[in-house]
Amino acid sequence: MIMFTTRLRISLKDGFHPIQQRFSGFHASQCGFCTPGICVSLYAPLVNADKMNNRAEPSPGFSKLTVSEAEKSIAGNLCRCTGYRPIVDACKSFATDVDMEDLGFNSYWRKGESNEVKLSRLPPYNCNYVPRVFPEFLKKETVVGLNLGSERYHWYSPVSLKELQGLLQMEANGGTSMKIIVGNTGMGYYKELVHYDKYIDLRYIPELSIVRKDSTGIEIGAAVMISKAIEALKEENQGGFSKEAKLVFKKIGDHMDKIASKFIRLEFDDGPEETFSFRYCYNTTFCGYNFRNNDSRVVSSDACNKLLFKTYRAAPRPLGNALPYLNVAFLAQVSLCKNPTGFMLKNYRFAFGAYGTKHSIRVKEVEEFLYGKLLSFGVLYDAIKLLETLVIPEDGTSSPAYRSSLDVGFLFEFLSPLIDSPIDFSDGLVNRYNRTLLSKNSNQQHDLGQIKFPTLLSSSRQVIQLNKEYHPVGEPTIKTGAILQASGEAVYIDDIPSPKDCLYEAFIYSLEPRARVKGIKFNPGSSPKGVIALITSKDIPGLNLGSKTVFGTELLYADDLTEGVGQRIAFVVADTQKNANIAADLAVVDYDKENIEPPILSVEEAVERSSFYAPLFYPE
């Protein structure tokens, strides 16, 4: 919030930035929780785009930002209210290549009005606007190399590799638990249930924030932000590298564009031999390779040997910060000269990541099996069967069967076009090849270094019919308070200080769908702090009634019998919210499931056991 209030927002007193005004006018804020962060996410690429001298000056009211950049600028922000259409419209309204007709329902114009009229009503944006700088008084609060300590935990901020090595040596000899962090943004997804004795912050070590390039490869420091790593990999002037290496670096950068937003720092994991893994701080492993020009084992391209490189990613969302099911990188050298009717396989690198494992997995057994073989469906089938035995999700990994099917499917997609299907190679590297479009006789050229990312929104048309019978009801009026939400000034319950001597609570939920609750106690050996009371249904005077609907009554807390997983059983009262949450997690419920009918878990079971709600009749 400090970054937002000091760099973007001017204030209710001084006025608001056009980003905040347009978010309000495009109805892009509902609950408002995510709105300030989205405004900040757009602000940075907006300013950066306007600094680019190689771009043409935009028309008045627009910036040098493109529609694609505007959409991707908020890929790391989550909103559960708007469906993103108005949010993206507000972002795209600044883009120099935006089609004004594509922008949806808003409070600035009506259907059929000209672009000139629409632009005149938008809050004006000046691309020469001087951005505010980080305030001097806050810079003084940051102390480089500050070490903090308490009775239980210690925080170290080394300023050199030598100092870091000394801390690591102390940990090795002392037997204490330690966590090395940089931005620690992974805490936003992976809640830290285990506390460490020591925390070591790497951000003040200069060597770990540098990208180095030489004739042998690219070295990216562990504290480098992923946006900087992508820029380094995609840089056009990569002197000293072969053409194939440049294309591979660019492809890795393209893949990294899909796995995290620009606010994430990069973590590095050294692996065996030439393998390393990129990991962004949500612990989602992407597998890449360190291509060294002086390494004889690294594949290359010539008249007889062609290079294939491709990455895959399966995730709930195509762009940004969605925890993936699987990331894959495949690198292969294919020999053409000795076998004109098919492809001889040489020098493979197959790696899989984000499989619930701590490190990426390189399947050398599959590589060795394929080496020197003429690819056929029989060979591919045997390779897939071998792969199934090597890449296995760890216990507790979600959707294990689906993840296992992904690795097999990706390997099949990578290799199957090479079977009985000659391929046209261009620029020494093939990334997208197709047995019908890419043939030996095809003269079609392919843009091998470019990935077309899906946009956040599908192409659509928005038509809203306004009924003037009840005018002004239905008019697109800016919501009261939207501008305060966009500026971060809106006050929510958690922003209001708690009264003195206030108590806090946390619910204990059932983990069984149907069972008797015999008792509740805390974990043996645990002593939750600050617990005042444990409240159950027996402590409620009068009726244990939570709500009453047309379907019947709902209990406030489970009585003797739970009715479903997640039902409230009790709640803990403590002196702080943190202590209440910890105590609720430590609570152990004693269940009894003897002589209880099994729960109904499907519609078919409900019909079989005649478990129905009574018919509801409403007057016409």
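Residues numbered from 1 in each chain as written. Predicted model: local features only at pLDDT ≥ 70, side-chain atom pairs only at ≥ 80, totals over all residues. Heavy atoms only, no water.

Participant: Please explain the overall build of the protein chain as it appears in this structure.
Facilitator: What the protein chain contains, in helices and strands, is 16 helices and 21 strands. Across the protein chain, contacts joining residues at least 24 apart in sequence account for 64% of those joining residues at least 6 apart. When the accessible surface of the protein chain is split by element, carbon and sulfur atoms take 54% of a total near 34,800 Å². (Helix = DSSP H or I, 4+ residues; strand = E, 2+ residues; numbered from the N terminus. Contact = heavy atoms within 4.5 Å. Areas by Shrake-Rupley, 256 points an atom, 1.4 Å probe, with all protein chains shown as cover.)

Participant: Any chance you could explain the pairing of strand 11 (residues 326-335) here in plain terms?
Facilitator: The side chains of a regular strand alternate between the sheet's two faces. Counting buried positions along strand 11 yields 10 of 10 residues, so the element is predominantly enclosed. Here strand 11 shows a buried face lined by L326, V328, F330, A332 and V334 and a second buried face lined by N327, A329, L331, Q333 and S335. Across 10 bridges, strand 10 (residues 305-314) lies against strand 11 in antiparallel orientation. Opposite R313, over in strand 11, you have N327 as the bridge partner. Sheet topology places strand 11 next to strand 12 (residues 344-353); 9 bridges connect them, and they run antiparallel. Looking at strand 12, one finds that F330 is bridged to F350. (Buried < 20%, exposed > 50% of the residue type's maximum accessible area, 1.4 Å probe, protein only. Pairing = 2+ DSSP bridges.)

Participant: Even after reading the chapter, I still don't get the environment of Y153, so can you show me in this structure?
Facilitator: The topology assignment puts Y153 in the loop between strand 1 (148-149) and strand 2 (154-156). Along the chain, Y153 and D197 lie 44 residues apart, while their C-alpha atoms are 4.9 Å from each other. With residues up to four places along the chain from it excluded, the contact list for Y153 reads H195, Y196 and D197.

Participant: Where do I start with the packing of aromatic side chains in this structure?
Facilitator: The geometry of two aromatic rings is summed up by the distance between their centres and the angle between their planes. Tallying each qualifying case throughout the model produces 19 aromatic pairs. Ring plane angle 20° and centroid distance 6.1 Å describe the contact between W155 and Y199, whose orientation is recorded as stacked. Of the two residues, W155 is situated in strand 2 and Y199 in strand 4 (residues 198-201); the sequence distance between them amounts to 44 residues. A residue is classified by how much of its surface remains accessible, and W155, at 28% relative accessible area, is partly exposed. Taking the centre distance of 4.7 Å and the plane angle of 15° together, the rings of Y312 and F410 count as stacked. Taken together, the positions of Y312 in strand 10 and F410 in helix 13 (residues 400-415) put the pair 98 residues apart, joining distant regions of the chain. Feature note: the residues Y312, F330, Y348, F350, F352, F410 and F414 constitute an aromatic cluster, connected by ring pairs. Over the face of the ring belonging to F94 we find R22, whose NZ or CZ atom lies 4.0 Å from the ring centre. (Phe/Tyr/Trp six-rings, centres within 6.5 Å; stacked < 30°, edge-to-face > 60°. Lys NZ or Arg CZ within 6 Å of the ring centre and 35° of its normal.)

Participant: Can you help me understand the pattern of salt bridges in this one?
Facilitator: For side chains bearing opposite charge, pairing can occur when the charged atoms are close. All told, the structure shown has 21 salt bridges when counted by the stated rule. Residue E69 pairs with R55 through a salt bridge whose shortest N-O separation is 2.5 Å. Separated by 14 residues along the polypeptide, E69 in helix 4 (residues 67-72) and R55 in the loop between helix 3 (35-50) and helix 4 bring together distant segments of the chain. On the accessibility criterion, E69 (24% relative accessible area) is partly exposed. Here R55 falls in the partly exposed class, since its relative accessible area comes to 23%. Between R85 and D89 there is a salt bridge, and its shortest N-O distance comes to 3.1 Å. (Salt bridge = Lys/Arg side-chain N within 4 Å of Asp/Glu carboxyl O.)

Participant: What exactly am I supposed to notice about the environment of G564 here?
Facilitator: Inspection of the secondary structure puts G564 in the loop between strand 19 (552-555) and strand 20 (568-574). G564 sits 35 residues away from P599 along the chain, and the two C-alpha atoms are 8.3 Å apart.

Participant: Would you mind showing me how to read helix 5 (residues 85-92) here?
Facilitator: For an α-helix, the turn length of 3.6 residues means that residues three or four places apart are oriented alike. Burial analysis of helix 5 places 8 of its 8 residues in the buried class, which makes it a mostly covered element. Residues R85, P86, I87, V88, D89, A90, C91 and K92 constitute the buried set of helix 5. Structurally, helix 5 contributes buried residues whose contacts are with helix 2 (18-25), helix 3 and helix 4.

Participant: Quick question: what am I supposed to make of helix 12 (residues 377-390) here?
Facilitator: Helix length check: helix 12, at 14 residues, gives a terminal C-alpha distance of 20 Å against a target of 20 Å (1.5 Å per residue), a fit within 8%. When we look at burial in helix 12, the residues that qualify are V379, L380, A383, I384 and L387. Taken end-on, helix 12 shows its buried residues confined to a sector of 135°, consistent with a single buried face. Exposed residues lying more than 90 degrees from the buried face of helix 12 are Y381 and T389. Its buried side turned inward, helix 12 meets strand 12, helix 11 (364-370) and helix 13. (Expected span 1.5 Å × (residues − 1). Arc of directions from axis to C-beta.)

Participant: Whenever I open this one, the confidence of the model for the protein chain confuses me. Can you help?
Facilitator: In the predicted model, the protein chain carries a mean pLDDT of 78, and the fraction of residues at 70 or more is 76%. Counting interchain partners and residues more than four positions distant, the pLDDT-below-50 stretch residues 267-299 has 120 contacts. Segment residues 424-453 is flagged for pLDDT under 50; beyond a separation of four residues in sequence, or across chains, it makes 72 contacts in the model. (pLDDT = per-residue confidence, 0-100.)

Participant: Which parts of the structure should I look at to understand the side chain of N106?
Facilitator: The topology assignment puts N106 in the loop between helix 5 and helix 6 (115-121). At 2.8 Å, the side chain of N106 and the backbone oxygen of G104 are in polar contact. A polar atom in the side chain of N106 sits 2.8 Å from the backbone nitrogen of Y108. Leave out the neighbours within four places in its chain, and N106 touches G25, F26, H27 and P476. (Polar contact = N/O pair within 3.5 Å; in protein donor to acceptor, adjacent residues only side chain to side chain.)

Participant: Honestly, the sheet that holds strand 15 (residues 504-509) in this entry has me stumped. Any pointers?
Facilitator: Neighbouring strands of a sheet are bound in pairs by backbone hydrogen bonds; such pairs are parallel or else antiparallel. The strand order across the open sheet built from 3 strands is 15-20-17, with neighbouring strands paired in antiparallel fashion. Each end of this open sheet is capped by a strand with a single partner; those strands are strand 15 and strand 17 (531-536). Ignoring which end each strand starts from, the neighbouring axes of this sheet average 25° apart. In this structure, strand 17 lies alongside strand 20, joined through 5 bridges in antiparallel fashion. Pairing of T536 across the sheet is with A570, part of strand 20. Here helix 15 (residues 577-586) sits on the sheet and contacts strand 15, strand 17 and strand 20; the angle it forms with strand 15, its principal contact strand, is near 15°. (Axes fitted to C-alpha atoms, helices over the stretch in contact; angles between N-to-C directions.)

Participant: Please explain the side chain of T536 as it appears in this structure.
Facilitator: Tracing the backbone shows T536 in strand 17. Given a relative accessible area of 19%, T536 falls into the buried group. In this structure, T536 is in contact with I520, I569 and A570, ignoring residues within four places of it in sequence.

Participant: Is there a simple way to explain unusual backbone geometry in this structure?
Facilitator: Trans is the prevailing form of peptide bonds, just as negative phi is the prevailing case for residues other than glycine. Cis peptide bonds are those with omega within 30 degrees of zero, and the linkage from H471 to P472 qualifies with 10°. Tracing the backbone shows P472 in the loop between strand 14 (429-430) and helix 14 (482-487). For H27, which is not glycine, the phi dihedral falls at a positive 55°. Positionally, H27 belongs in the loop between helix 2 and helix 3. Here the phi dihedral of D501 falls at roughly 60°; this positive angle occurs in a residue that is not glycine. By the element assignment, D501 lies in the loop between helix 14 and strand 15. Overall, D501 belongs to the exposed group, its relative accessible area being 69%.

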